[in-house]
Each structure stands twice: as C-alpha cells, then as structure tokens.
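# An overview of the molecular structure
Given next are the chains, with one letter for each unit.
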Amino acid sequence: MAILLDIDQLRTFMAIADTGSFTRAADVVFKTQSAVSMQMKRLEERIGKSLFERDGRASRLTEDGERLLDYARRIVKLNLEAVSAFATAELTGRVRLGVPDDYADRYLPEILARFSRSNPRAEVTVICEPSSMLAERIQANELDIAIITHTPQKGPALVFRREQLLWVSSARSSVHCDEPVPLAVGRPTCDWRRAATERLEGAGRSYRILYASWNAAAVGAAVMAGLAVSVLPESALRPGMRVLQPSDGFPALPSVSVALLRNPHEMSQLAEALADHVVSSLDNLTEHAQAAE
C-alpha cells in the first residue's frame, strides 16, 4: 500500500528544519514539544528513515531529511494552492500586516494581488517598519502577521526564503574606492548594517556612516546618486546598481532569512488566509527569480 504523507507533519518538519530546534518549532506551529516529537516519530515511521541527528542542542537534518525537505516544501505549497483554488467562502474583516519597506516594494504587489482576488471584501492594513519594531508589535498584539528579516533573537518564526546580502554602489560612480568608505545604511539596530560594519572591521577597512535611515528609498537614493555604498539583499537590486566583489575590497556578506511571524495571542481565519498567501507568494517569487536568471 502506498505511503500517504500527512500535511500537518510536513509543516512541523519544515519548522524544525528552519529553526533548528524542536522547541522553537513547537512555538512556530503552536504545538507542545511532546506533540512535535510524536509527529516526527510518526513521520520517520512513514518514511522508514531517520530524519534528524543531534548537533549539540540543535537538531540537524540527515541526508534523508534534506531529501524530504525539498518534497515537503513543494507538497505544502501545492496543498495551499489547491485549497485556495476551491475556496468559496468569502472572508471579511480587517487583517494587520507588517513588512519592512525594503521588502514591501518586492513582495507586496504579488501578495496583495493574490489575497485580494480571493478575499475582495477583506481590509488589509499594512504597517512598514524595521523588522525589530514589527517583532515588538507582534508581541504587543498590534499586528496579525509580519514579514521580517529573521535572527534567532527575534524568537520563533517560519523561514520561507533566504537571500544573499550584497555590497552595492552606483554603476556610474567610483565611491567604493574612497577611504574611509562612505556607507548608507539603516539605523544602529539594523542587522544588515551590523553585518556590513563587522565585515569591514574584520577586513581592516575604514568606513564612515554617511547616511542612516529606516527608509529603504532614502538609502537607495544615496546609492544611486553615487554618494555611498550600501548593503541590500539580492532581490532589492535595481538597474544602475553595481555589485561589489571581494576583488573590490569588500568581503563576502552572509545570507539573510526572510520569515513569517504570527500573532501568538490570536489568529483569525482571515489572518491565516493571508499567511497562506504570503507563503505561496514568496515561493512564486523565488521561482520567478530563478527563471529570470
């Protein structure tokens, strides 16, 4: 008899893979740790393979676990698309979405277009703030869901996308050759700013903060004007920007995790529907980007 995989178990499996911990995954999927452990035991029994191995306090995927993860993401995505395609109940009400403005331009058109087609009578309130502030709003019950740049310090979240951070300057400027390097970055709490300054300090290269803003358009304007170097994720590159390499004197930057935060206090049916559209839209954006390459 064919083995049938349980969607809920696959969701939990993905959460463990993204967070690296059964405990943190339990918070993401709103289950107890014992329930998460039981789900994974049953999933391993269905697959007939060990999916995890211990790495200190973390849980690391085995080779078979890595193989299953790719299938799990595709199965869960297809399940969401199928449910959305046949959903006939029209949801109404208001849902509160938080997103940093540097992600808003890239992600919101696809997300809002898909969600509006399925729920034309729903009202979406969008708040654009830095990730750290959005995480605080989630905890304060001021948002239903938020798309953030995730770090472990921000607590449990479901990671859907990873992007490489890149050094950028204007293609018409040689400002990257200046000493010290003029930077256009976010406020001091910005993870991208911290990554940039730490890498430059590690390479022994001097820099100065020329522009600092929460507003991505303001930072981008300084770059496009040829006034400063900045750090952006790959999806935020614009025509006219130059990507700087280690050969230009800029050390490689880390990748960043884009994640979904859910309100831990309450989640309406409308908020869950929007969360599903966020997941599907981010997956589609990844596919479109790969196709474009």
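Residues numbered from 1 in each chain as written. Predicted model: local features only at pLDDT ≥ 70, side-chain atom pairs only at ≥ 80, totals over all residues. Heavy atoms only, no water.

### So, the overall build of the protein
From N to C terminus, the protein includes 9 helices and 11 strands. Relative to the 2.2 N^0.38 estimate, which gives 19 Å for 293 residues, the radius of gyration of the protein is 21 Å and therefore close to what a compact globule would have. Projecting the C-alpha coordinates of the protein onto the three principal axes gives extents of approximately 65 × 50 × 40 Å. Buried residues in the protein amount to 45% of all 293 residues. Accessible area for the protein stands at about 14800 Å²; split by element, carbon and sulfur atoms hold 50% of it. Each charge sign in the protein was given a centre, from 34 positive and 37 negative side chains, and these centres are 1 Å apart. (Helix = DSSP H or I, 4+ residues; strand = E, 2+ residues; numbered from the N terminus. Rg over C-alpha atoms; globule rule 2.2 N^0.38 Å. Buried < 20%, exposed > 50% of the residue type's maximum accessible area, 1.4 Å probe, protein only. Areas by Shrake-Rupley, 256 points an atom, 1.4 Å probe, with all protein chains shown as cover. Lys, Arg positive; Asp, Glu negative; His and termini not counted. Charge placed at Lys NZ, Arg CZ, Asp CG, Glu CD.)

### Concerning the layout of surface pockets
In this model, the second largest pocket occupies a volume close to 500 Å³. Lining the second largest pocket are 30 residues, with Asp 102, Pro 130, Ser 131, Cys 190 and Asp 191 positioned closest to its centre. When its residues are assigned to classes, the lining of the second largest pocket shows 13 nonpolar, 10 polar and 7 charged. (1 Å grid on protein atoms, 1.4 Å probe; cavity = no way out; pocket = protein on both sides within 12 Å on 5 of 7 lines; lining within 4 Å. Points joined across faces, edges and corners; volume = space filled by probe spheres on them. Nonpolar A, V, L, I, M, F, W, Y, C, P; charged D, E, K, R; others polar.)

### Notes on the pattern of salt bridges
Enumeration according to the criterion identifies 13 salt bridges in this entry. Across the pair Glu 129 and Arg 137 runs a salt bridge whose closest N-O atoms are separated by 2.8 Å. By relative accessible area, which is 23% here, Arg 137 ends up partly exposed. Put simply, Asp 191 and Arg 194 hold a salt bridge, and the shortest N to O gap is 2.9 Å. On the criterion of helical spacing, the pair formed by Asp 191 and Arg 194 is a turn pair, its members being 3 residues apart in helix α7 (residues 191–202). Among the residues examined, Asp 191 registers a relative accessible area of 21% and is labelled partly exposed. Among the residues examined, Arg 194 registers a relative accessible area of 35% and is labelled partly exposed. (Salt bridge = Lys/Arg side-chain N within 4 Å of Asp/Glu carboxyl O.)

### What about the packing of aromatic side chains?
Scanning the model with the defined rule gives 5 aromatic pairs in all. Arranged with centres 6.0 Å apart and planes meeting at 65°, the rings of Tyr 103 and Trp 192 form a pair that is edge-to-face. Taken together, the residues span a long stretch of sequence, with Tyr 103 in helix α5 (residues 101–118) and Trp 192 in helix α7 at a distance of 89 residues. Grouping residues by exposure puts Tyr 103 and Trp 192 together as buried. Ring pairs connect the aromatic residues Phe 13, Phe 22 and Phe 52, which therefore count as one cluster. Above the plane of the ring of Phe 250 lies Arg 205, whose end atom (NZ or CZ) is 4.5 Å from the centre. (Phe/Tyr/Trp six-rings, centres within 6.5 Å; stacked < 30°, edge-to-face > 60°. Lys NZ or Arg CZ within 6 Å of the ring centre and 35° of its normal.)

### A closer look at helix α6 (residues 131–139)
Listing the buried residues of α6 in full gives Ser 131, Leu 134, Ala 135 and Ile 138. The arc that holds the buried residues of α6, viewed along the axis, is 100°, so those residues lie on one side. Turned more than 90 degrees off the buried face of α6, the exposed positions are Glu 136 and Gln 139. Buried residues along α6 sit against β3 (93–98), β4 (122–127), β5 (145–150) and β11 (255–262). Where α6 terminates, the next one or two residues include Asn 141, which has phi positive at roughly 65°. (Arc of directions from axis to C-beta. Contact = heavy atoms within 4.5 Å.)

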